[in-house]
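# Coordinate inspection notes
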Amino acid sequence: MNGNFRVGNLFGIPFFLNISWFIVLALVTLNFGTGLASQFPYLGNSALILGLVAGLLMFASVLLHELGHSFAAIQRGINVNSITLFLFGGLASLDDEAKSPSGAFWIAVAGPLVSLALFIGLFLVAASGIVTGPAAAIAGLLAYINLILATFNMIPGLPLDGGNVLRAIVWKVTGNRFKGTLWASRVGQFIGWTAIIFGILAVLGLSNIGSFWTLLIGWFLLQNAGRSAQSATLQEALSGLTAADAVVKESPVVDANVTLREFADMAILTKEKSQWQRFLVKDEDDNLLGSIRLNVLQAVPSTEWSNEIVRNFISPISEENKVESDQSLLNVIGHLEKQGIQAIAVIRDNGKLVGLLEKSNIINLLQKRDKAQMQSA
Ligand SMILES: [Zn+2]
């Protein structure tokens, strides 16, 4: 997200605030402050300070909700990358998805369960008479906010928690994770559109339900639900494919024992190979030895090309730049993205080179597959 800055760590999880958070805090402070001032006129200017306290406690409630998701994820061995507070509340960003529907279910409900527990606790505090006056009013307000946090988030469309619950249920019933995501995304898109329509009607003064805020939230839901639908479709298309499927047909590979002259002829004169700047080097048994850059040729006088062999110019390939051929393509894409690399050497588990996998080639592969499916249909 743009405009995020790090505040510190919470239980080892990097904690960020988005700039938009301050706008909301200011609005909430003003809103709560004026409410308290009219309810307790004797407060005077300190009503605004209490409004700020209430606003901060509201964000603490959101934070506890996100920590609920985070602890449930950590318990299942999933890392939490960050927690961010922003315009529409909070976001716990997980490093990975749950491996099972039940895992996904519990991570999703953990947040609303925390909010529900806070609601019950604060409601009891407000109703019991332990605190009175403005403190009781703030406790009541926070109880109400936590009830909203628990119920609103359980609306069954992505990206809301309820959407993740629906996803887990469809996943469990159909045994297909992607179907779960697709269903929950579609419902999320429907809810997004509904909120936008109510928001527009309210802004135009044609309805009493909703506000400009509803319109904004609808837009936010629609964007995110659309994105998860897209990624589910892509993931489903990729499922069942392995790294070996995405290897480039004319991979840039050269034998360690050929001379630089032969390397130059192959690399520069062969049309399919001339686009590559770096070649994988293999020995006579197809074992991957490393790679060689084309610009090695510039460093060696061309009169020497026939006397030098490729083997002497190999640079090693690190583990991050290799992948085993039976790895799922989905994992490989995740790896490429994480490492920020465009291509990777594909080897069999005995170290034999299969070829080069390029990120851009995966898209070609999917398009070909789509075409093939259309033709067979
Ligand atoms: Zn949540």
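Residues numbered from 1 in each chain as written. Predicted model: local features only at pLDDT ≥ 70, side-chain atom pairs only at ≥ 80, totals over all residues. Heavy atoms only, no water.

Right, let's get into the domain arrangement of the protein. Quoted interface sizes are often the accessible area lost when the parts come together. Looking at the protein, the domain boundaries give domain 1 (4-154), domain 2 (176-239) and domain 3 (243-376). Taking only C-alpha atoms, the centre of domain 1 and the centre of domain 2 are 23 Å apart. Contact residues are listed per partner, giving five residues for domain 1 and six residues for domain 2. Across the interface of domain 1 and domain 2, roughly 530 Å² is buried in total on both sides, 77% from carbon and sulfur atoms. Counting across the domain 1 and domain 2 interface gives one salt bridge. A salt bridge links Arg177 to Glu97; its shortest N-O distance comes to 3.0 Å. (Domains from an automatic or database assignment. Contact = heavy atoms within 4.5 Å. Buried area = accessible area lost by both parts, 1.4 Å probe. Salt bridge = Lys/Arg side-chain N within 4 Å of Asp/Glu carboxyl O.)

This next bit is on the packing of aromatic side chains. Counted under the stated rule, the structure contains nine aromatic pairs. Taken together, a centroid distance of 5.3 Å and an interplanar angle of 75 degrees make the contact between Phe11 and Phe71 edge-to-face. Placement of Phe11 in the loop between strand E1 (4-10) and strand E2 (13-18) and of Phe71 in helix H2 (residues 46-75) is noted, with a sequence separation of 60 residues between them. By relative accessible area, which is 63% here, Phe11 ends up exposed. Judged by its relative accessible area of 39%, Phe71 falls in the partly exposed class. With a centroid separation of 4.8 Å and an interplanar angle of 90 degrees, the aromatic rings of Trp21 and Phe22 are classed as edge-to-face. On the basis of relative accessibility, which here comes to 38%, the residue Phe22 falls in the partly exposed class. Its guanidinium or amino end placed over the ring of Trp171, Arg177 lies 6.0 Å from that ring's centre, counting from NZ or CZ. (Phe/Tyr/Trp six-rings, centres within 6.5 Å; stacked < 30°, edge-to-face > 60°. Helix = DSSP H or I, 4+ residues; strand = E, 2+ residues; numbered from the N terminus. Buried < 20%, exposed > 50% of the residue type's maximum accessible area, 1.4 Å probe, protein only. Lys NZ or Arg CZ within 6 Å of the ring centre and 35° of its normal.)

A sheet is described by the order of its strands in space; here three strands give the open sequence E5-E6-E7, paired in mixed fashion. In the strand order of this sheet, the two ends are held by strand E5 (253-255) and strand E7 (288-293), each with one partner. Taken pair by pair, the neighbouring strands of this sheet meet at an average axis angle of 35 degrees, ignoring direction. Both strand E6 (residues 278-282) and E7 contribute to a ladder of five bridges, which runs antiparallel. Across the sheet, the residue bridging to Lys282 is Leu288, located in E7. (Pairing = 2+ DSSP bridges. Axes fitted to C-alpha atoms, helices over the stretch in contact; angles between N-to-C directions.)

Bringing a nonpolar patch on the surface into the picture now. Residues Trp106, Leu113, Leu116, Ile120, Phe123 and Leu124 make up a contiguous nonpolar surface patch of roughly 590 Å² in combined accessible area. Structurally, the position occupied by Phe123 is in helix H3 (residues 101-128). (Patch = residues over 30% accessible without salt bridge, like charges linked within 9 Å, V, L, I, M, F, W, Y side chains within 5 Å. Areas by Shrake-Rupley, 256 points an atom, 1.4 Å probe, with all protein chains shown as cover.)

The subject of this paragraph is the environment of Lys99. Structurally, the position occupied by Lys99 is in the loop between strand E4 (89-94) and H3. The class for Lys99 is exposed, based on a relative accessible area of 68%. Sequence spacing of Lys99 and Arg76 is 23 residues, and the spatial spacing of their C-alpha atoms is 8.8 Å. Only 2.9 Å separates the side chain of Lys99 from the side chain of Asp96, close enough to count as a polar contact. (Polar contact = N/O pair within 3.5 Å; in protein donor to acceptor, adjacent residues only side chain to side chain.)

Take helix H6 (residues 177-203) next. For H6, with 27 residues, the first-to-last C-alpha span of 39 Å sits near the 39 Å given by 1.5 Å per residue. For H6, the side-chain oxygen to backbone nitrogen distance between the N-cap and Phe178 is 2.8 Å, and the N-cap itself is Asn176. (Expected span 1.5 Å × (residues − 1).)

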